[in-house]
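A look at the structure
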Amino acid sequence: MSGMKILSMLVFGALVGLMACEQATPAENTIADYELANAWSDMTLYITKNTPANSPTYASRGVGYIGLCMYESIVPGYDSHQSIQSQLNGLEGLPTVETDAEYFWPLALNAGQAQILRHIYNQTSDENKFSLDSLEQAFEAVYVDVVANKAVVDRSKTFGQQVADAIFEWSKTDGGHRGYLKNFDKDLVHPVRPGSWKPPLYAQSFSHHPLHPYWGENRTFLKQNTGLELPYMIPYDTTESSPYYQQFKAVYDTDLALTQEQKEIAIWWGDDPDETFTPPGHSFYIASLVIDQKQPDLITCAETFARVGLSVADAFINCWKWKYHFFSERPNTFIPQFIDQEWESFWPDPPFPAFPSGHAIQAAAMATALEGMYGPALTFIDSAHVGRERDEIRDVDFVERPFTTFWGVAEETADSRFYGGIHTPQDNDIGLEEGKRIAGHVNALKWRREE
C-alpha cells in the first residue's frame, strides 16, 4: 500500500484496513516502514499544496527541516547510522535518549513529523490541521496495539516531539522564519543597468514585485554550502553574433517549433505554487516514488528524505543569492526588444530574476542526493499531475513522465523552463552544475557510523 493511499484513506475516514479487527493479532496490524515514511511525505505535500501564500522558497525550507526531523527523530535507534547535527550549520543540543530505555521508533517518527509540520505550517487551515492530527492518531492507534506498553509509547512519542521542537527552535534563527508573511518586496530598489530584470508583463504571479529578494542571506543547512563562489554568467551584449544574444536566440528559435511533447514537459514541471506542491515538493515526491519502489527500512527512508530536503533547501538559498546578485533579465524582455517585438513566452514569467534557474538547481540537487544513495539508474513513472484538467490556454494535457535515471529528471526539469521560454541555456546549465555541487556536500556528510 502506498503512502498516498494511506493518506487518502485517512482523509476520507477510511483507515479501516490499518486498524485492528476483532480476530487480528498485533503482528497482523504492523505497517511497513516505507508506508509510514511515505504517508508523512504525502501529508507534507498535501499541506504544502493546500496552504495559502506558500512559495517555492518557503517550501524548500520546509522540506529541509521536515526531512531532517524525520532522520534525527529515529537515528538513535540504529547502530548503522549516526546523528548529523554536529555536521550542520550551528545545530546542537538535540534531545538524547534515555540509557537502556526501550523506544518504538515508528512512533517517534510519527510524532516528530506531526509536530514539525505543525510548527513549519502553523498558518495552514484548521481543516489541514485536522487531517494532520488524524494521520498521527491513526498510526498511533495501530502502533499502540503493537507495542502494548504505555511507557514505551509515551517515551517514543515524547522523543519525536522533542526533536521536532528543538529543530524548530533552530529554524527560527535561519532568516526564513515565517517567510510567507512577506513574500513580495515592494520596497526593493531595482538595479538599473543593461540586461537587468524587470517585472514581467506576462506573469505567473499576481504580484510584479520580486519574491524573497533576501532569501539568499538565509543560513544554509551545511557550512560547506555557505559562501560558494559566484558562478560565471555570460556578459551582456546585444550584438547578434555575441554569446549573450545567441542564448536568447536559442529560446526564440525553439519556441517557434515546439513539439507537443515539449509543450507537455513545459507544463508538467511548471509547479505553480497556487496550484501544486511547488518545485521543491515535486522533488520530495520523486523521493517518495523511490521509497515506494525500493521499500527500504525506516532509517533508509528517513535518510532519503533528509538528503533530498537538505539538498533542495541549500540549493534554493544559493540560487536566490545569485539571482539577486546578477539580477538578470528573462527572454520576455530581451527577445521583444532585440529579436521579435511580438514574441511572448509559452509559459508566463515568475516574479524574480533569471540566472540561474531555480528549477534546474533544485532538481539537480534532488537527483544527486538520490544518486548518492541508490545509484544513477532507476525506472519509474512520475504521475504527480495525472488527472489535472487540460491546459486549455496552451492546448496541452498533463501526461505522465517516464524515467530511467535520476539525472534524466533533472535535465527534463531544466529543459521545461527552456521550452517554456523563461530560461536560457546558460540559466539551466549553471543551475544543473551548482545543484550537483551543493547536493554533493550533503552526500559527503558522515551519515553512517563506519564512514
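What counts as what
- Residues numbered from 1 in each chain as written.
- Predicted model: local features only at pLDDT ≥ 70, side-chain atom pairs only at ≥ 80, totals over all residues.
- Heavy atoms only, no water.
- Helix = DSSP H or I, 4+ residues; strand = E, 2+ residues; numbered from the N terminus.
- Rg over C-alpha atoms; globule rule 2.2 N^0.38 Å.
- Buried < 20%, exposed > 50% of the residue type's maximum accessible area, 1.4 Å probe, protein only.
- Contact = heavy atoms within 4.5 Å.
- Areas by Shrake-Rupley, 256 points an atom, 1.4 Å probe, with all protein chains shown as cover.
- Expected span 1.5 Å × (residues − 1).
- Phe/Tyr/Trp six-rings, centres within 6.5 Å; stacked < 30°, edge-to-face > 60°.
- Axes fitted to C-alpha atoms, helices over the stretch in contact; angles between N-to-C directions.
- Parallel < 35°, antiparallel > 145°, perpendicular 65-115°, else oblique.
- Nonpolar A, V, L, I, M, F, W, Y, C, P; charged D, E, K, R; others polar.
- Core = buried A, V, L, I, M, F, W, Y, C linked by side-chain atoms within 4.5 Å.
- Disulfide = S-S within 2.5 Å.
- Salt bridge = Lys/Arg side-chain N within 4 Å of Asp/Glu carboxyl O.
- Lys, Arg positive; Asp, Glu negative; His and termini not counted.
- Polar contact = N/O pair within 3.5 Å; in protein donor to acceptor, adjacent residues only side chain to side chain.

A tally of regular secondary structure across the chain gives 14 helices and two strands. Computed over the C-alpha atoms, the radius of gyration of the chain is 22 Å, within 12% of the 22 Å expected from 2.2 N^0.38 for a compact globule of 451 residues. Across its three principal directions, the C-alpha atoms of the chain cover 75 × 45 × 40 Å. When the 451 residues of the chain are sorted by exposure, 59% land in the buried category. Within the chain, counting contacts between residues at least 6 apart in sequence, those at least 24 apart form 85% of the total. Looking at the chain as shown, the accessible area adds up to about 17900 Å², and 51% of this sits on carbon and sulfur atoms.

This part is about helix H7 (residues 243–256). Because each turn of an α-helix spans 3.6 residues, side chains separated by three or four positions in sequence point in the same direction. With 14 residues, H7 should cover 20 Å at 1.5 Å per step; its first-to-last C-alpha distance of 20 Å lies within 8% of that length. The inward-facing, buried residues of H7 abut helix H11 (331–338), helix H13 (406–419) and helix H14 (425–443).

Right, let's get into the packing of aromatic side chains. The geometry of an aromatic ring pair is captured by the separation of the ring centres together with the interplanar angle, meaning the angle of the planes. In this structure the tally under the stated criterion is 28 aromatic pairs. Judged by centre distance (5.1 Å) and plane angle (55°), the ring pair of Tyr244 and Phe248 falls under tilted. Placement of the pair is Tyr244 and Phe248 together in helix H7, with a separation of four residues, close to one helical turn. Residue class for Tyr244 comes out buried when judged on its relative accessible area of 2%. When the ring of Phe334 is compared with that of Phe338, the centres are 4.8 Å apart and the planes differ by 40°; the resulting orientation is tilted. In this pair, Phe334 and Phe338 both sit in helix H11, four residues apart, roughly one turn of the helix. With a relative accessible area of 0%, Phe334 lands in the buried category.

Attention now goes to the packing of helix H12 (residues 358–374) against H13. Packing of H12 against H13 leaves a shortest axis separation of 8 Å and a crossing angle of 175°. Relative to H13, the element H12 is oriented roughly antiparallel. Between H12 and H13, the residues in contact are His359, Ala360, Ala363, Ala364, Met366, Ala367, Thr368, Leu370, Glu371 and Tyr374 and Phe406, Trp407, Val409, Ala410, Thr413, Ala414 and Arg417, respectively. Looking at the contact of H12 with H13, its residues break down into twelve nonpolar, three polar and two charged.

As a further point, take the environment of Gly420. Note on placement: Gly420 falls in the loop between H13 and H14. Gly420 sits in the buried class, given a relative accessible area of 0%. Separated by 166 residues in sequence, Gly420 and Thr254 have C-alpha atoms that sit 9.5 Å apart. In contact with Gly420, other than residues within four places in its own chain, are Ala266, Ser345, Phe346 and Trp347.

It is worth spelling out the nonpolar core at this point. Core analysis: the largest hydrophobic core is formed by 133 residues, its most contacted members being Trp40, Leu68 and Leu370. Take this core: its biggest share by element is 18 residues, from helix H10 (residues 298–326). Among residues more than four places away in sequence, those in contact with Trp40 are Met70, Leu109, Asn110, Gln113, Ala114, Leu117, Leu132, Leu135, Glu136 and Phe139.

Here we take up the state of the cysteines. Applying the stated criterion across every chain yields a total of zero disulfides. Considering cysteine sulfurs only, Cys301 is the nearest to Cys69, which forms no disulfide, with 15 Å between them. Of the residues examined, Cys69 reaches a relative accessible area of 0% and is grouped as buried.

On to the pattern of salt bridges, then. Should the charged atoms of two oppositely charged side chains come close, the side chains can pair. Within the structure shown, the criterion is met by 19 salt bridges. Each of Arg390, Glu392, Asp395 and Asp397 takes part in a single network of salt bridges with overlapping partners.

We now examine the side chain of Asp382. In this fold, Asp382 is placed in strand S1 (residues 377–382). Despite being buried, Asp382 has no salt bridge partner; Arg401 is the closest side chain of opposite charge, sitting 7.3 Å away. At 3.1 Å, the side chain of Asp382 forms a polar contact with the side chain of Trp268. Setting aside residues up to four positions removed in sequence, Asp382 forms contacts with Trp268, Trp269, His282, Tyr285, Ile286, Leu289, Glu400, Arg401 and Phe403.

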